[in-house]
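An overview of the molecular structure
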Amino acid sequence: MAWQRKIPFGYEVRGGLIQPHPQEADAVRYIFRQYQAGASLLAIAEDMTRQGIRYHQHTAAWNKNMVKRILENSKYIGADNWPRLVSDEDFTAAQRLRTERSTYAPLSTDIRPIQGKVVCGLCGGKMIRGNRSHGLVHWKCQNPGCGQSISLNDEALAGLVDGLLRELAQAPHLLIIPEPRQTGVDMEAVRLQNELTLALNRGDENPGYIKTLALAAAAQRYSQIPDPTPAHDLEQLRARLEEGPADANTLSALLDTAVRAVRLAPDKTVDLELVNGQIITEAKEESA
């Protein structure tokens, strides 16, 4: 079982009584000051680790949950007769900031089908939606070499994508998958077939081994056959669009079937990359 503190950080037993721990009590007050100054939970945790003040006896590393527990612990303002370490004003200010900073921006219905397709317009890396800063939505590139972060709310992004989908619906001739090009000799398929031929010629191989080789060779050859599904789906969708104006269901099908990625650039420009490689460009958020 992991070791746990017997008493909260900031206190110690001295002379049989709970007393403020000189170093830890100063650290508690420092944490409250830093948080009110705008430091994040993670930044404070990293700061405490650098200072070498241990929250746990057996680890020198802090995390943001440790900092959070300190900021929420009412014992530090004298609750239940614990020695006071911080003022009521500082504690109340920290709770107000906690509420403001944790305001949650729920995922809107319109953004759900878009979310998994958003990529960075600079590097093409996958972008993840976040909303931990005052309820504001931002998109963070997961490519470590990029890390681009773009603030754009759900309504704005959904509106930009919807506009591009409507443009695409007016040009159904774009929904075409090019004929697959000959990719040349598959060397792995050749290797497996040669190994199978040699095994059959030897005549002394285990039947189970022969069967495994035959199945592997067949699977490798099959993997090289172009998948006709994308072309078929686009053909069906193109026919629907040519019959008349696109409704909400058709636009949803366009996003699901024809769009490989929604490319979001730092200037809040949005492009659609289609499954056939074409780019529908560009929509940009209007300045307020």
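Quick note: structure is the one above.
Right, let's walk through the structure included here. (Residues numbered from 1 in each chain as written. Predicted model: local features only at pLDDT ≥ 70, side-chain atom pairs only at ≥ 80, totals over all residues. Heavy atoms only, no water.)

Thoughts on the overall build of the chain
Counting its regular elements, the chain contains 10 helices and nine strands. The 288 residues of the chain split such that 35% are buried. Relative to all contacts within the chain whose residues are 6 or more apart in sequence, the contacts with residues 24 or more apart total 51%. (Helix = DSSP H or I, 4+ residues; strand = E, 2+ residues; numbered from the N terminus. Buried < 20%, exposed > 50% of the residue type's maximum accessible area, 1.4 Å probe, protein only. Contact = heavy atoms within 4.5 Å.)

Some thoughts on the pattern of salt bridges
In this structure the tally under the stated criterion is 12 salt bridges. Its salt-bridge partner being aspartate 47, residue arginine 50 comes within 4.0 Å of it at the nearest N-O pair. Residue arginine 50 and its partner aspartate 47 are both found in helix H2 (residues 41-51); the two are separated by three residues, about one turn of the helix. For aspartate 47, a relative accessible area of 13% translates into the label buried. Between arginine 129 and aspartate 154 there is a salt bridge; the shortest N-O distance is 2.8 Å. A residue pair is termed long-range when its members are at least 10 positions apart, and arginine 129 in strand S4 (residues 127-133) and aspartate 154 in helix H6 (residues 154-169) qualify at 25 residues. Given a relative accessible area of 7%, aspartate 154 falls into the buried group. (Salt bridge = Lys/Arg side-chain N within 4 Å of Asp/Glu carboxyl O.)

Regarding the packing of helix H1 (residues 22-36) against helix H4 (residues 88-101)
It is at 10 Å that the axes of H1 and H4 come closest, and there the two elements cross at 45°. Between H1 and H4, the crossing angle belongs to the class labelled oblique. The way H1 lies across H4 gives a crossing that is left-handed. Where H1 approaches H4, its residues Phe32, Tyr35 and Gln36 are matched on the opposing element by Asp90, Phe91, Ala93, Ala94, Leu97, Arg98 and Arg101. Here the residues of the contact of H1 with H4 sort into six nonpolar, one polar and three charged. (Axes fitted to C-alpha atoms, helices over the stretch in contact; angles between N-to-C directions. Parallel < 35°, antiparallel > 145°, perpendicular 65-115°, else oblique. Left-handed = near helix turned anticlockwise from the far one by under 90°. Nonpolar A, V, L, I, M, F, W, Y, C, P; charged D, E, K, R; others polar.)

Overview of the pairing of strand S5 (residues 136-141)
Burial along S5 is one-sided: Val137, Trp139 and Cys141 are buried, while Leu136, His138 and Lys140, pointing the other way, are not. Two elements, S5 and strand S6 (residues 149-151), share three bridges in a ladder whose sense is antiparallel. Bridge pairing links tryptophan 139 to isoleucine 150 in S6. (Pairing = 2+ DSSP bridges.)

Some remarks on the packing of H1 against H2
Running from N to C, H1 and H2 cross one another at 145°; their axes reach a closest spacing of 10 Å. The hand of the H1/H2 crossing is right-handed. Residues Ala27, Tyr30, Ile31, Gln34 and Tyr35 of H1 form the contact with H2, whose own contacting residues are Leu41, Ile44, Asp47, Met48 and Gln51. By residue class, the composition of the contact of H1 with H2 is seven nonpolar, two polar and one charged.

Here's the deal with H6
Taking 1.5 Å of rise per residue, the 16 residues of H6 would be expected to cover 22 Å, and the 22 Å separating its terminal C-alpha atoms lies within 8% of that figure. Residues Asp154, Ala156, Leu157, Ala158, Leu160, Val161, Leu164, Leu165, Leu168 and Ala169 constitute the buried set of H6. If you check the start of H6, you find a side-chain oxygen 3.2 Å away from the backbone N of glutamate 155, and it comes from asparagine 153. (Expected span 1.5 Å × (residues − 1). Polar contact = N/O pair within 3.5 Å; in protein donor to acceptor, adjacent residues only side chain to side chain.)

Examining unusual backbone geometry
A positive phi angle is found at asparagine 81, which is not glycine, with a value near 65°. As for its placement among the helices and strands, asparagine 81 is situated in the loop between helix H3 (64-72) and H4. Judged by relative accessible area, asparagine 81 falls into the exposed class, the value being 77%. Backbone geometry at lysine 268 places phi at a positive 65°, although glycine is not the residue there. With respect to the helices and strands, lysine 268 occurs in the loop between strand S7 (259-264) and strand S8 (269-274). Lysine 268 sits in the partly exposed class, given a relative accessible area of 25%.

Focus: the nonpolar core
Grouped together as the largest cluster of nonpolar side chains are 35 residues, with contacts concentrated most on Ile114, Trp139, Leu157, Val161 and Leu254. For this core, the secondary-structure elements that each account for two or more residues are strand S3 (118-120), S5, H6, helix H9 (229-243), helix H10 (248-258), S7 and S8. The dominant element in this core, judged by the number of residues it contributes, is H6, at nine residues. Core analysis: the second largest hydrophobic core is formed by 28 residues, Tyr11, Val67, Trp82 and Val86 among them. (Core = buried A, V, L, I, M, F, W, Y, C linked by side-chain atoms within 4.5 Å.)

Remarks on the packing of aromatic side chains
Considering all chains together, one arrives at six aromatic pairs under this definition. Between the aromatic rings of tyrosine 55 and tryptophan 62, the centroid separation amounts to 5.1 Å while the plane-to-plane angle is 70°, which identifies the pairing as edge-to-face. Overall, the relative accessible area of 9% leaves tryptophan 62 in the buried class. An aromatic cluster is built from Phe9, Tyr55 and Trp62, whose rings are joined through pairwise contacts. (Phe/Tyr/Trp six-rings, centres within 6.5 Å; stacked < 30°, edge-to-face > 60°.)

Thoughts on the state of the cysteines
What makes a disulfide is a covalent bond joining the sulfur atoms belonging to two cysteines. One pass over the structure, following the stated rule, counts zero disulfides. The structure places no disulfide on cysteine 120, whose sulfur is separated from the nearest cysteine sulfur, that of cysteine 146, by 3.8 Å. The class of cysteine 120 is buried, set by a relative accessible area of 2%. Its relative accessible area of 26% is what places cysteine 146 among the partly exposed residues. (Disulfide = S-S within 2.5 Å.)

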